[in-house]
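Chain by chain, the residues:
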2 protein chains.
Amino acid sequence: MTVNGRPQAPLMTNTQADRVKEVARLAGRPSRLRRREFLAEGPQAVREALRLHGHRQDDGGVVVDVYATAEALDRHPDIAEQLVAVDAPAVRRVTADVLAAMSSTVTPQGFIAVCRFLDRSLDDVLSTAPRLVAVLVEVRDPGNAGTIIRAADSAGADAVILTGASVDPYNPKTVRSTVGSLFHLPLVIGAELDGLQDRLRSAGLTVLAADGYGPLSLDDLQDASASRRLTTGGQGNAAAPTGKKPASGVTAAGIPAGIPAGVPFDRADAESGAGRSVRLEDPAAWLFGNEAQGLAPEISAAADARVAVPIYGNAESLNVGTAATVCLYASARAQRLD
Amino acid sequence: MTVNGRPQAPLMTNTQADRVKEVARLAGRPSRLRRREFLAEGPQAVREALRLHGHRQDDGGVVVDVYATAEALDRHPDIAEQLVAVDAPAVRRVTADVLAAMSSTVTPQGFIAVCRFLDRSLDDVLSTAPRLVAVLVEVRDPGNAGTIIRAADSAGADAVILTGASVDPYNPKTVRSTVGSLFHLPLVIGAELDGLQDRLRSAGLTVLAADGYGPLSLDDLQDASASRRLTTGGQGNAAAPTGKKPASGVTAAGIPAGIPAGVPFDRADAESGAGRSVRLEDPAAWLFGNEAQGLAPEISAAADARVAVPIYGNAESLNVGTAATVCLYASARAQRLD
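Residues numbered from 1 in each chain as written. Chains lettered and ligands numbered in written order. Predicted model: local features only at pLDDT ≥ 70, side-chain atom pairs only at ≥ 80, totals over all residues. Heavy atoms only, no water.

**A closer look at the overall build of chain A**
Right, so step 1: A tally of regular secondary structure across chain A gives 14 helices and 15 strands.
Right, so step 2: With 338 residues in all, chain A has 56% of them scored as buried.
Right, so step 3: Taking all contacts inside chain A whose residues are at least 6 apart in sequence as the whole, residues at least 24 apart take part in 82%.
Right, so step 4: Roughly 13,600 Å² of accessible area belongs to chain A as shown, and the carbon and sulfur atoms make up 49% of that amount. (Helix = DSSP H or I, 4+ residues; strand = E, 2+ residues; numbered from the N terminus. Buried < 20%, exposed > 50% of the residue type's maximum accessible area, 1.4 Å probe, protein only. Contact = heavy atoms within 4.5 Å. Areas by Shrake-Rupley, 256 points an atom, 1.4 Å probe, with all protein chains shown as cover.)

Given below as structure tokens:
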């Protein structure tokens, strides 16, 4: 039997088959690391995996195998077309029971793709002159990691770097919560913390630590950036005084009467270069820390600046995904308008 | 036996006791609705529940019962002190097994409080002249709802309104993911969609629909707001031309040469009042829609404006929690600086 002129394998019906068990095992890390493969589940993830596959043919592609039920193929004819268009392996038709046995989720929605690991080396990523990078330092929750990868993609970040002790982004829960964004931007996995900040700086990135206890407020960075842009066309000169007092109780978020060209670096000037300052419109790497502990003090202190997302209400702290969203969007806005 | 001069009930050791089962049943909605009580689990949630309890003594308080292991009481002496300070019911000491049997989570961390429902009526909340309100329209995922409530609290919102078909915020998963914020700001539950937008407007709120397909970009609203503030002291007059062209590909996010006093309403001027315009610094109610479908078109169309959070990268869409975070922080910033 052929489909679109290609021979088609017979329907897989045996939930106990070795191949089914091998696919299911990819939900676990040891099997993923051994095979350097992971699962993309559901039509949206499979679509994005195939799209990237089409762009990576020179490297042997991304998609190793696609499994789908007849019903799902009928419901998503665009995927069947895409499989041919991007020269992906022929889809293997499976029963709903086989798909369920392969899947880590209760609703795989008829599609699973086995994909090759996507991550790139830190050197590789830094050599592309990135302007906005998210660094996950010991972020442990799969859902949080996925949310941050998706937010980084939305904000147009050029890469996401995960340090060694962070959650494995090929975890099925993380893959799911990126809703395809895992396939949109380069990932670096298992980055060594030692020396990382220097390497980021060497690549032209200002290193910003998202730190609720940081002395700089993201609001101040945004105000200074907006002021430079609106009053001088982004040349970074001093803004004209606005003559406006900050509202009571929001001093940290208010505008000083004369906004300097940049907010002074948190680190001693002697260390970071005299006269240098943090400008939100400059290329930046944001460091985001562990859910419970935040960034370790020595990591935060080594950054070019420790920046707090303001908390206007009574919340004790911000979820790391929320903080990352606010920081990455603030940088993206400043960079795009500059 | 007494603790802090108060009689203490004997240690609860029987995991099969009726009281244990009654507490455990509060993980389910029918029991919560019948008793109008819910579970706060873990030291942080119990602390916040007790803090609110201290402020609500006139209404009979918030906390009905507190259960704790001896180890947890030792580890968190501040909670034992707080129990006395806020005149809460005496803590009931339980074994770790009893606590586990009561809890909906695998790690209750030694503390559970049974709390009275906190929600208020829509009239009640709108009568307080709120300036920033988040409205969850059929948000179904407990974690998303919790993330938005926490983000609303962080952004200093005055209330969160959940429409009838939204997830129950007293769901233990939602309570957990608010990390105490559930106790920080007023909630309205089961709000009728019919007539809701008119009531919000009558309370002086501009109704903004967070809608990925909206014709207005949040960037434009932010630019116009920043421009008014920086050039005119927030009086809303036309900004001076910046002479700066938007970067290629980001027209929607760029600054027009002359920024108007406000961005024109999305709705026909005839409907919304001639000359009115959307100003991000004005009091606002943001509508956030369902995870899969977003806001229904008729709900979005009835808002004063449909506002899209820009997607700079390749993401197909934003997680509703991410979108809500960006929108609420943008409003909070504009309002606080105005």
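**Looking at the interface of chain A and chain B**
Accessible area lost during the coming together of the parts is what is often quoted as the interface size.
Right, so step 1: Chain A puts 48 residues into the contact, and the matching count from chain B is 48 residues.
Right, so step 2: Interface area for chain A against chain B, summed over the two sides, is near 4,000 Å², with a carbon-plus-sulfur share of 57%.
Right, so step 3: The three residues of chain A that bury the most area against chain B are A:Leu230, A:Tyr312 and A:Arg333, which together make up 18% of that side's buried surface.
Right, so step 4: Summed over the shared surface of chain A and chain B, the result is eight salt bridges.
Right, so step 5: The partner of A:Arg229 in a salt bridge is B:Asp223, and the shortest N-O contact between them spans 3.7 Å.
Right, so step 6: Inspection of the chain A/chain B interface yields 22 residue pairs in polar contact (both at pLDDT 80 or more). (Buried area = accessible area lost by both parts, 1.4 Å probe. Salt bridge = Lys/Arg side-chain N within 4 Å of Asp/Glu carboxyl O. Polar contact = N/O pair within 3.5 Å; in protein donor to acceptor, adjacent residues only side chain to side chain.)

**Focus: the pattern of salt bridges**
All names here are of chain A.
Right, so step 1: If you walk through the whole model with that rule in mind, you get 44 salt bridges over all chains.
Right, so step 2: For the salt bridge of Glu48 with Arg51, the shortest nitrogen-to-oxygen distance reads 3.7 Å. Here Glu48 and its partner Arg51 are both found in helix α3 (residues 43-55), three residues apart, which amounts to about one turn of the helix.
Right, so step 3: Assessed through its relative accessible area of 1%, Glu48 is described here as buried.
Right, so step 4: Classification of Arg51 by relative accessible area gives partly exposed; the value is 40%.

**Some remarks on the relation of the copies chain A and chain B**
Right, so step 1: Mapping chain A onto chain B calls for a rotation angle of 180° and an axial translation of 0.0 Å; the resulting RMSD is 0.0 Å. Read as a symmetry element, the transformation amounts to a two-fold axis.
Right, so step 2: By residue overlap, the copies meet face to face through one surface: 100% of the interface positions of chain A are interface positions in chain B. (Least-squares fit on C-alpha atoms with pLDDT ≥ 70 in both.)

**Some thoughts on helix α14 (residues 320-337) of chain B**
All names here are of chain B.
Right, so step 1: Between its first and last C-alpha atoms α14 spans 26 Å; for 18 residues at 1.5 Å apiece the expected length is 26 Å, and the two agree.
Right, so step 2: For α14, the buried fraction is high: 17 of the 18 residues fall into the buried class.
Right, so step 3: Between the side-chain oxygen of the N-cap and the backbone nitrogen of Gly321 there are 2.6 Å, and the N-cap of α14 in question is Asn319. (Expected span 1.5 Å × (residues − 1).)

**Describing empty space enclosed by the protein**
Right, so step 1: Considering all chains together, one arrives at four cavities of 30 Å³ or more under this definition.
Right, so step 2: Taken as a whole, the largest cavity holds about 220 Å³ of empty space.
Right, so step 3: Around the largest cavity, the lining is made up of 18 residues, and of these A:Gln222, A:Ala226, A:Arg333, B:Gln222 and B:Arg333 lie nearest the centre.
Right, so step 4: Residue classes in the lining of the largest cavity are distributed as 10 nonpolar, four polar and four charged.
Right, so step 5: If you add up the space inside the second largest cavity, you get close to 170 Å³.
Right, so step 6: Along its surface, the second largest cavity is lined by 16 residues, and A:Gln222, A:Val326, A:Tyr329, B:Gln222 and B:Val326 are the ones closest to its centre.
Right, so step 7: Those elements giving two or more residues to the lining of the second largest cavity turn out to be α11 (218-232) and α14 (320-337) of chain A together with α11 (218-232) and α14 of chain B.
Right, so step 8: Classifying every residue of the lining of the second largest cavity by side-chain character gives 10 nonpolar, two polar and four charged. (1 Å grid on protein atoms, 1.4 Å probe; cavity = no way out; pocket = protein on both sides within 12 Å on 5 of 7 lines; lining within 4 Å. Points joined across faces, edges and corners; volume = space filled by probe spheres on them. Nonpolar A, V, L, I, M, F, W, Y, C, P; charged D, E, K, R; others polar.)

**Remarks on the packing of aromatic side chains**
Right, so step 1: Going through the model one piece at a time under the given rule, you end up with 12 aromatic pairs over all chains.
Right, so step 2: Arranged with centres 6.2 Å apart and planes meeting at 10°, the rings of A:Trp286 and A:Phe288 form a pair that is stacked.
Right, so step 3: By relative accessible area, which is 0% here, A:Trp286 ends up buried.
Right, so step 4: A centroid spacing of 4.1 Å and a plane angle of 15° characterise the contact between B:Phe117 and B:Tyr170, whose relative ring orientation is stacked. You can see B:Phe117 sitting in the loop between β6 (111-116) and α7 (122-126) and its partner B:Tyr170 sitting in the loop between β8 (159-163) and α9 (172-178), a full 53 residues away along the chain. Residues B:Phe117 and B:Tyr170 agree in their burial class; the two are buried.
Right, so step 5: Grouping aromatic residues by their ring pairs yields a cluster made of A:Phe38, A:Phe117, A:Tyr170 and A:Phe183. (Phe/Tyr/Trp six-rings, centres within 6.5 Å; stacked < 30°, edge-to-face > 60°.)

**Considerations on helix α3 (residues 43-55) of chain B**
Residue and element names in this part refer to chain B.
Right, so step 1: Look at α3: 19 Å from first C-alpha to last across 13 residues, which is about the 18 Å you get at 1.5 Å a residue.
Right, so step 2: If you check which residues of α3 are buried, you get Pro43, Ala45, Val46, Arg47, Glu48, Ala49, Leu50, Leu52 and His53.
Right, so step 3: Along its buried surface, α3 packs onto β3 (37-41), β4 (63-68), α5 (77-85) and β6.

**Here we look at the packing of α14(A) against α14(B)**
Right, so step 1: With their axes 9 Å apart at the nearest point, α14(A) and α14(B) run at an angle of 60° to one another. In terms of orientation, α14(A) and α14(B) fall into the oblique class. Both α14(A) and α14(B) take part in a crossing whose hand is right-handed. Side by side, α14(A) and α14(B) meet where A:Thr322, A:Thr325, A:Val326 and A:Tyr329 of the first sit next to B:Thr322, B:Thr325, B:Val326 and B:Tyr329 of the second.
Right, so step 2: Tallied by class, the residues present in the contact of α14(A) with α14(B) amount to four nonpolar, four polar and no charged. (Axes fitted to C-alpha atoms, helices over the stretch in contact; angles between N-to-C directions. Parallel < 35°, antiparallel > 145°, perpendicular 65-115°, else oblique. Left-handed = near helix turned anticlockwise from the far one by under 90°.)

**Some thoughts on the sheet that holds strand β11 (residues 216-217) of chain B**
Residue and element names in this part refer to chain B.
Right, so step 1: Ordered in space as β9-β8-β7-β14-β10-β15-β11, the seven strands form an open sheet in which the pairing is parallel. Every other strand in the sheet has two partners, leaving β9 (187-191) and β11 as the edge strands with one partner each.
Right, so step 2: Across four bridges, the pairing between strand β7 (residues 132-136) and β8 is parallel. Across the sheet, residue Val133 finds its bridge partner in β8, namely Ala159.
Right, so step 3: Against the sheet, helix α8 (residues 142-154) contacts β7, β8 and β9, and its axis sits at roughly 175° relative to β7. (Pairing = 2+ DSSP bridges.)

**As for the sheet that holds strand β5 (residues 92-93) of chain A**
Residue and element names in this part refer to chain A.
Right, so step 1: The four strands lie next to each other as β3-β6-β4-β5, forming an open sheet whose pairing is mixed. Bordering the open sheet on either side are β3 (37-41) and β5, each of which pairs with just one other strand.
Right, so step 2: Relative to strand β6 (residues 111-116), β3 runs antiparallel, the two sharing five bridges. When the bridges of β6 are listed, Ala40 appears paired with Ala113.
Right, so step 3: Across the face of the sheet, helix α1 (residues 18-25) comes into contact with β3, β4 (63-68), β5 and β6 while running at roughly 110° to β4.

**Focus on the confidence of the model for chain A**
Residue and element names in this part refer to chain A.
Right, so step 1: Averaged over all residues, the pLDDT of chain A is 85; the fraction at 70 or higher stands at 84%.
Right, so step 2: In the model, residues 234-261 has pLDDT below 50 throughout and makes 50 contacts with residues more than four positions away in sequence or in other chains.
Right, so step 3: Confidence drops under pLDDT 50 across residues 267-275; counting only partners more than four residues distant or on other chains, this segment forms 10 contacts. (pLDDT = per-residue confidence, 0-100.)

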